[in-house]
Amino acid sequence: MDTTKLKITLGPVPYLWDGAAWRDFYFRIADCAWIDAVTLGEVVCSKRIHFTQPFIDSVTARLVGAGKAVALASIAMVTLEREALLTRRLVEASAWPVEANDLSALGRLAGKPHLVGPFVNVYNGATARILAARGATRICLGPELPLSSVAEIIRDAPGMDFEVFAFGRLPLAISARCAHARAKGHSKDNCQFVCQDDPDGLAVDTLDGQSFLTLNGVQTMSHTCQVLLAELPALRGAGVTHIRLSPQHCDMAAVAEVFADVRDGRIDPAEGEARLRSIYPDVPFSNGFHHGTVGADWVPPALAAQQVPA
């Protein structure tokens, strides 16, 4: 099946990286021909914004100059007046489309063209149609949805663009408390930005030593990295228009090239998987949610490629 119409997008960096390193990361992405669109901004914790804010203008200018479609993401959970003010300012002042990751942002964006991020629950076509009527042009569906649900939502909301989370540790939960700071002996109010010590998140094991989850500030993520390579034909067949790569602490330009090579038929999914394992070693892969099973499960490419949208 032809999958060449699938566009590759890069989601926001979920982790706290040094501002200069964050800038240099996006400058590298600007030079990556395989990425069509970039959504950037702080989604997880508003306390991190000052690390990257000085570089937003230079980064967006570099990305736009390279021909990328740019959007700015809102924070995923607004709990403070300061965060509400940041959201209002983003909606009112952004020169670029805004990706809403919280219902408060959706309220402000009504009537304006905007995107909807994976932190807004869209579980049926009726919800997608309501969001489209209010101005949403593209929805990134939650990564926990199986292909059958993705296909049904898209069928019930014709004319919209839909994005699926195709690479990265999965966002599972977000909290008003910071388990990452607590794990390192700090409170949230006096966190000392210890999450910066873990540029790919802090691994969490069970009491018997089994790898389990990843902490990222106030966010809980999967231990595994979702990889949907063999699934690209089925995603395209279901009507998906964009696949999202979530930045991890690895060469994301190389990751994008692998997805483009599989999408365009230059390599098969098994070779793509092998290349990804060399790019992002020591992190187990998963695709269970997509296949309607345990999220941390891994369905090998040969089996995954047999799936067709319901």
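No experiment lies behind these values; they were computed from the predicted model shown.

1. A few points about the overall build of the chain
- Scanning the chain from N- to C-terminus turns up twelve helices and twelve strands.
- The principal-axis extents of the C-alpha atoms in the chain amount to approximately 50 × 50 × 35 Å.
- Counting only residues that meet the buried cut, the chain has 53% of its 310 residues in that class.
- When contacts within the chain are restricted to residue pairs at least 6 apart in sequence, long-range pairs at least 24 apart make up 67% of them.
- When the accessible surface of the chain is summed, it comes to about 13100 Å², and 54% of that surface belongs to carbon and sulfur atoms.

2. What about empty space enclosed by the protein?
- If you walk through the whole model with that rule in mind, you get four cavities of 30 Å³ or more.
- What the largest cavity holds in volume is close to 150 Å³.
- Together, 16 residues line the largest cavity, and Pro-12, Pro-14, Phe-119, Phe-165 and Ser-246 are the ones closest to its centre.
- Looking at the lining of the largest cavity element by element, the count peaks at three residues for strand 7 (residues 161-174).
- Tallied by class, the residues present in the lining of the largest cavity amount to nine nonpolar, four polar and three charged.
- Taken as a whole, the second largest cavity encloses approximately 110 Å³ of empty space.
- Lining the second largest cavity we find 13 residues, and of these Cys-45, Cys-178, Cys-191, Cys-195 and Gly-217 sit closest to its centre.
- Looking at side-chain class alone, the lining of the second largest cavity contains eight nonpolar, two polar and three charged residues.

3. Here's the deal with the layout of surface pockets
- What the largest pocket holds in volume is close to 570 Å³.
- What lines the largest pocket is a set of 23 residues, among which Gln-53, Ile-56, Leu-72, Leu-86 and Leu-90 lie closest to the centre.
- For the lining of the largest pocket, the elements supplying multiple residues, two or more each, are helix 2 (49-52), helix 3 (56-65), strand 3 (69-73) and helix 4 (81-93).
- Per element, the largest residue contribution to the lining of the largest pocket is six residues, and it comes from helix 4.
- Grouping the amino acids of the lining of the largest pocket by side-chain chemistry returns eleven nonpolar, eight polar and four charged.
- Estimates place the volume of the second largest pocket at around 220 Å³.

4. Observations concerning the side chain of Glu-42
- Position of Glu-42 among the secondary structure elements: in the loop between strand 2 (37-40) and helix 2.
- Note on Glu-42: relative accessible area 11%, which makes it buried.
- At 2.9 Å, the side chain of Glu-42 and the backbone nitrogen of Val-44 are in polar contact.
- Within polar-contact distance, the side chain of Glu-42 engages the backbone nitrogen of Cys-45 at 3.0 Å.
- Those residues in contact with Glu-42, other than ones at most four positions away along the chain, are Arg-48, Ile-49, Ala-73, Ser-74 and Ile-75.

Criteria and thresholds
Residues numbered from 1 in each chain as written. Predicted model: local features only at pLDDT ≥ 70, side-chain atom pairs only at ≥ 80, totals over all residues. Heavy atoms only, no water. Helix = DSSP H or I, 4+ residues; strand = E, 2+ residues; numbered from the N terminus. Buried < 20%, exposed > 50% of the residue type's maximum accessible area, 1.4 Å probe, protein only. Contact = heavy atoms within 4.5 Å. Areas by Shrake-Rupley, 256 points an atom, 1.4 Å probe, with all protein chains shown as cover. 1 Å grid on protein atoms, 1.4 Å probe; cavity = no way out; pocket = protein on both sides within 12 Å on 5 of 7 lines; lining within 4 Å. Points joined across faces, edges and corners; volume = space filled by probe spheres on them. Nonpolar A, V, L, I, M, F, W, Y, C, P; charged D, E, K, R; others polar. Polar contact = N/O pair within 3.5 Å; in protein donor to acceptor, adjacent residues only side chain to side chain.

In short, shape yes, function no, at least from these values alone.
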